[in-house]
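Inside the fold
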Amino acid sequence: AQNIVVIQPGSTYLRMGRASDGNPLRILHVIARRRKPDGSKHQDLFLPSLKELNEESMQELETCRAQLSRAMAVGLHPRGGNRSYEIPQQSAAEFNKYSKPEIIANTSNDWDSVEYHEEVVVGEDVLKLNHSKAHYNLHFPIRRGEFNIHSNVGGSLFSVLTDLQTIWEFVLYKMMNILSKDISRYKAVLVVPDIYNRIHLGEYMTLLLKRIGFGSCFIVQDHVSATFGAGLGYACVVDVGDQKTSVSCVEDGISHSKTRVRFDYGGGDVSQVLYWLLKTCNFPYQEYDEKNLLDTWMLQQLKENYCHFFEETIGIVEKNFVVHQPCTEKRIYTFRTLDEFIIAPLSLFYIELLTVTGANKALPKTQSPCSLQSHPEDCFDAEYLRETGRRNKETLEHTSLDGTAENAEEEMATDGLEQERDHRNNDWDYWLQADGQLISIEQAIVQCIERCPSEELKRKMYGCILLVGGGMKFPGLSKWLQKKLSEKIPAGYRSEHCIVISPKDIDSEITSWKGAAIMSCLESASELWLSESEWTRYGWRVLREKTVFLW
């Protein structure tokens, strides 16, 4: 276990550590590269960008927010009606309007990127740069759970892989104190999303075995490793990250492909909903800029520190936060809130609130069939078999006088591949509401389980719902989700459902990482390792044979 490194790359954080470690290192998964004097500018945003809303969208958003606030206020004060919500809200807004920051003397510093001589800055050190002077380009290699490929500078596949290599090698050599000459003695376990791109998996293998130089490695899906980390034989796994939410049913180490779905919303979208809510009640920090990394970092901290699901605690509460920008003194802001810190996380259940980032209308992702992800080096993919099957059929037609049976058999095989080739992922109807919006998280759980092939499996999945990831780590979540699910689950299964958030007292953020570490130490894992020499010699063929999931 000392020589096994477990890597879980995410949209916002990278988790990496030895399999023998109790907890992994958690590093901001970002890189800043010094820009040449005449180079193009590029800066990936820390949070999903806010969408420009038209009058109709804004009206729908405000209506949804008002309905939620009134419903909770009436639930707490049945006799107060709307006044129990409106009067405190006006009082909080009035206080915030005239709130001034407390300035801490002698806390200013130069904070100048010109004096920061490194060509490359990685992880949390990026927060120390003065981005207002724009000497660096900022890149997050992974966004919404996939490679961050775009048309701007640093957006090619090669650039993304180079950024990943630089960040990972920094953690290996500088933070884990592994010598570069010894890296071939180490093995790597890579945790990948349950919905994956086959071509990108191949690029990951080349990155780990050829470019970084690990001796061997294997790949495991995050939902499968989550069940290992939780010590469960089966579960409906719900993974809420910073930029994506995924759900699937896992049984005996296999993720059922028809149950897999991924939505492009997560904790980052909750942060932007929180900012919109705070802005409506005169948030005192008027200079907030979503393009400023430190401002968005501050907003993330506000969300993580104060958001919750305890509706019985709604009332005017005083909060404070610190702003420290380059070349300025520290400022402490005080503000009052009513229900903003409970409404924001509810956006995962009331999808209309995600209109602020447009995530409510993004199309869901499901697993593409292998025929739509063909690769020229994979001699067993559907495209290759289809083409060779057709050529063989033509040869048989010309050379065989009595080849009716053979031709029929060949044609059946080719037609089957044609059907797979023509198949398109039009399963979106399962994951979309009538108005085109994505379904909410509790609906996704129910829909996912209902797609299981048998009644017995459905009953098992309703009986064990496992929540992992750091995007929804708010107090009171379990009770709220239990309440929402009880309204959606079919009557025959309502007594069955059980929600697991912190199995064995493991932080839900690292459940998948921990599971991959456990898997790598099992005796049966010896058959999974793929060496550098095997990858060089056999390539995609050996990857197909050794992956622990259906290719």
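Cut-offs used in this document
Residues numbered from 1 in each chain as written. Predicted model: local features only at pLDDT ≥ 70, side-chain atom pairs only at ≥ 80, totals over all residues. Heavy atoms only, no water. UniProt positions renumbered as here; feature names shortened; annotations may be inferred. Axes fitted to C-alpha atoms, helices over the stretch in contact; angles between N-to-C directions. Helix = DSSP H or I, 4+ residues; strand = E, 2+ residues; numbered from the N terminus. Parallel < 35°, antiparallel > 145°, perpendicular 65-115°, else oblique. Contact = heavy atoms within 4.5 Å. Nonpolar A, V, L, I, M, F, W, Y, C, P; charged D, E, K, R; others polar. Buried < 20%, exposed > 50% of the residue type's maximum accessible area, 1.4 Å probe, protein only. Phe/Tyr/Trp six-rings, centres within 6.5 Å; stacked < 30°, edge-to-face > 60°. Lys NZ or Arg CZ within 6 Å of the ring centre and 35° of its normal. Salt bridge = Lys/Arg side-chain N within 4 Å of Asp/Glu carboxyl O. Pairing = 2+ DSSP bridges.

The name recorded for the protein chain in an unreviewed UniProt entry is Putative actin-related protein, from Anopheles triannulatus. What the UniProt record of the protein chain gives under Sequence similarities (unreviewed entry) is the line "Belongs to the actin family."

Examining the packing of helix α11 (residues 441-450) against helix α12 (residues 455-462)
Remark: α11 packs on α12, axes separated minimally by 9 Å, with the N-to-C direction vectors making an angle of 150°. One way to sum up the angle between α11 and α12 is to call them roughly antiparallel. Each of V446, I449 and E450 in α11 lies in contact with α12, whose residues at this interface are K458, M461 and Y462. Residues of the contact of α11 with α12, tallied by class, amount to 4 nonpolar, no polar and 2 charged.

Here's the deal with unusual backbone geometry
One non-glycine residue, D252, lies in positive phi territory at about 50°. Backbone geometry places N282, a non-glycine residue, at a positive phi of 60°. Along the chain, the position of N282 falls in the loop between α6 (267-280) and α7 (293-306). A residue is classified by how much of its surface remains accessible, and N282, at 29% relative accessible area, is partly exposed.

A few points about the packing of aromatic side chains
One pass over the structure, following the stated rule, counts 22 aromatic pairs. For the ring pair F46 and F140, a centre distance of 6.0 Å and an interplane angle of 40° mean the geometry is tilted. With F46 in the loop between β4 (31-34) and α1 (55-76) and F140 in the loop between β7 (136-139) and β8 (142-143), this residue pair connects regions lying 94 residues apart in the sequence. Here F46 matches F140 in class, with each residue buried. Consider the rings of F263 and Y265, whose centres lie 5.5 Å apart with planes at 5°: the pair is stacked. Members of the aromatic cluster, each reached through a chain of ring pairs, are Y275, F283, Y285, Y288, Y306, F321, Y333, F335 and F341. Here the guanidinium or amino end of R143 rests over the ring plane of F140, the centre of that ring lying 4.1 Å away. The side chain of K460 reaches across the aromatic face of Y234, ending 4.8 Å from its centre.

Some thoughts on the pattern of salt bridges
Counted according to the given criterion, the structure contains 23 salt bridges. Notably, a salt bridge pairs R65 with E340, separated by 3.2 Å at the nearest N-O pair. With R65 in helix α1 and E340 in helix α8 (residues 340-343), this residue pair connects regions lying 275 residues apart in the sequence. A single burial state applies to R65 and to E340, both of which are buried. Between K458 and E450 there is a salt bridge whose closest N-O contact spans 3.6 Å. Look at E450 and you get partly exposed, because its relative accessible area is 30%. Salt bridges here are not isolated pairs; linked through shared partners, they connect R15, R26, K473, D507 and E509.

Let's talk about the sheet that holds β4
Strand order in the open sheet formed by 3 strands is β6-β4-β7, with antiparallel pairing between adjacent strands. Unpaired on one side and paired on the other, β6 (120-122) and β7 mark the two borders of the sheet. Pairs of neighbouring strands in the sheet enclose a mean axial angle of 20°, with direction left out of account. Of the pairings in the sheet, the one linking β4 to β7 comprises 4 bridges and is antiparallel in character. Along β7, the bridge assignment pairs R33 with N137. On the sheet, helix α3 (residues 157-175) packs against β4, β6 and β7 and is oriented at approximately 110° with respect to β4.

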